[in-house]
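These are the residues of each chain, in order.
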Amino acid sequence: LVECSVREDAEEKDDFEKQRYDYFGYGKSITMAVCFDISDRASAKEMWRVYQDGNYISSRLIDNQLVFLSNYYVNLNEDKETVISNCVPRYGSTNAPMQRIPCDCIILPENINDTSYLVASSLNIEDDSSLKTQSTLGAGSNVYCTTDTLYATSTAYKDTGVAEEVFGVTQATTSIYKFDISNGDIKYIGCGSVKGSALNQFNIDEYNGYLRIATTTGNWGDELSNQVYVLDDSLKVVGEIAGIAKGETIKSVRFTGDTGYVVTFEQTDPLFVIDLTDPKAPKIKGELKIPGFSTYLHPVGDNLVLGVGVDGDENGQNSGMKVSLFDVSNPEKPLECDKATSGGNNTDYRRVYVNSAAYYTHKAMCWDGT
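Scoring rules and cut-offs
Residues numbered from 1 in each chain as written. Predicted model: local features only at pLDDT ≥ 70, side-chain atom pairs only at ≥ 80, totals over all residues. Heavy atoms only, no water. Disulfide = S-S within 2.5 Å. Pairing = 2+ DSSP bridges. Helix = DSSP H or I, 4+ residues; strand = E, 2+ residues; numbered from the N terminus. Axes fitted to C-alpha atoms, helices over the stretch in contact; angles between N-to-C directions. Salt bridge = Lys/Arg side-chain N within 4 Å of Asp/Glu carboxyl O. Buried < 20%, exposed > 50% of the residue type's maximum accessible area, 1.4 Å probe, protein only. Contact = heavy atoms within 4.5 Å.

Overall, the coordinates contain 0 disulfides when judged by the stated rule. For the unlinked cysteine Cys 103, the closest cysteine sulfur is that of Cys 105, found at 8.3 Å.

Structure representation (structure tokens):
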């Protein structure tokens, strides 16, 4: 999957407009998926290409089913003819020209957070003619997927008047779009919303027909707060925990079965163990405070969770990298049973900082449990 920029309509502009296209990049972006036959490694062959308008967000491969998503922005500052020409996203494949998504495949939710389109497509990788596309008005950011259901979130920020101008206070609302992707198809099901913003895909999880999502509200100081919501199959909130770690922000989340783990940070790293056994009455079961914070959590057994993140001291000063092993066999009293640190050897005049791709992408870490 690649994203490319297309300037096909720039040729029709005058010299000034061409320069504007070249400088600001107002051309269209297209997301493209390409399939190669590599049975003969010495002579790989391209099998097909599929396209859809927009900037690439994410993709999933489930057996032979490929699902991929993009955000399509319509520049309303263009002239009328250009806006009319570009106002509906397109899709196509090697054997079918780019065409506008049919109107019965475009959804207009009641509460729209963003005027961009979220474009979601599904196809069998053995047959590009199986391409099916759905679109909803309202952009996407984080994506969570099961074998049957696809979720995409979109967060909108609304100022609170004078307070926003003086203190930078905003209210965030996250919309959750749900698609049925079973049987190789893709079909929009519905939309729900919660307060706050979700950090990444691990803030979202589906279990036993319920969706769980952890969010942060506020900008800074005492305005900051964190929540865990539980939504039913219709994306209606049926349970929640509000006011988790006020004054702090979520750094990592992991859900596994009836349990959720949430790490927040201000000066120390509270690891919260969330009991989700009763979806309508979730509760905090236990809490552990240690220096630094984990940016990624990975279950490594029934009673162990691995945390990868930043080391620190009791004053909130962070520098080196730390890998923590948490014993959660007693959810009321989680423990850091082991740890490994790298860098961060501090002196009175120097602090050594360590950076890692694992801080922001889970694919930079591999766990081999053998």
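Below, the discussion takes up the sheet that holds strand β17 (residues 225-231). Taken in spatial order, the 4 strands of this open sheet run β15-β16-β17-β18, and their pairing is antiparallel. A strand with exactly one partner marks an edge of an open sheet, and here the two such strands are β15 (204-207) and β18 (237-244). Adjacent strand axes in the sheet meet at a mean angle of 15° when their direction is disregarded. Pairing between strand β16 (residues 210-217) and β17: 7 bridges, direction antiparallel. In the sheet register, Ala 214 faces β17, and the bridge partner there is Val 228.

Attention now goes to the sheet that holds strand β9 (residues 117-124). Backbone hydrogen bonds are what pair the strands of a sheet, in a parallel or an antiparallel way. Sheet architecture is open: 5 strands sit in the order β4-β5-β9-β10-β8, paired in mixed fashion. Every other strand in the sheet has two partners, leaving β4 (55-62) and β8 (106-107) as the edge strands with one partner each. Relative to strand β10 (residues 127-137), β9 is paired through 7 bridges, and the arrangement is antiparallel. Bridging across to β10, Ala 120 finds its partner in Gln 134.

If the charged atoms of two oppositely charged side chains come close together, the side chains can form a pair. Counted under the stated rule, the structure contains 5 salt bridges. Measuring nitrogen to oxygen at the nearest pair gives 2.7 Å for the salt bridge that ties Glu 46 to Arg 49. Looking at Glu 46, the relative accessible area reads 38%, which means it is partly exposed. Look at Arg 49 and you get partly exposed, because its relative accessible area is 29%.

Time to look at the side chain of Ser 116. Following the sequence through the fold, Ser 116 ends up in the loop between β8 and β9. With relative accessibility at 9%, the residue Ser 116 sits in the buried group. When residues no more than four places from it in sequence are discounted, the contact partners of Ser 116 are Tyr 72, Tyr 73, Thr 136, Leu 137, Gly 138 and Ala 139.

Across residues other than glycine, the phi torsion is negative in most instances, and most of the peptide bonds are trans. Even without glycine at this site, Asn 183 takes up a positive phi of about 60°. The residue Asn 183 is located in the loop between β13 (170-180) and β14 (187-195) in this model. Not every positive phi belongs to a glycine, and Asn 208 is a case in point at roughly 55°. Of note, Asn 208 is situated in the loop between β15 and β16.

By secondary structure assignment, the location of Ala 44 is in the loop between β2 (28-37) and β3 (45-53). Those residues in contact with Ala 44 that sit more than four places away from it in its chain are Asp 37 and Ile 38.

Our focus in this paragraph is the environment of Lys 187. Its place among the elements puts Lys 187 in strand β14. Along the primary structure Lys 187 and Ser 121 are separated by 66 residues, whereas in three dimensions their C-alpha atoms are 9.6 Å apart. The contact partners of Lys 187, leaving out residues within four places of it in the chain, are Gln 134, Lys 178, Phe 179 and Asp 180.

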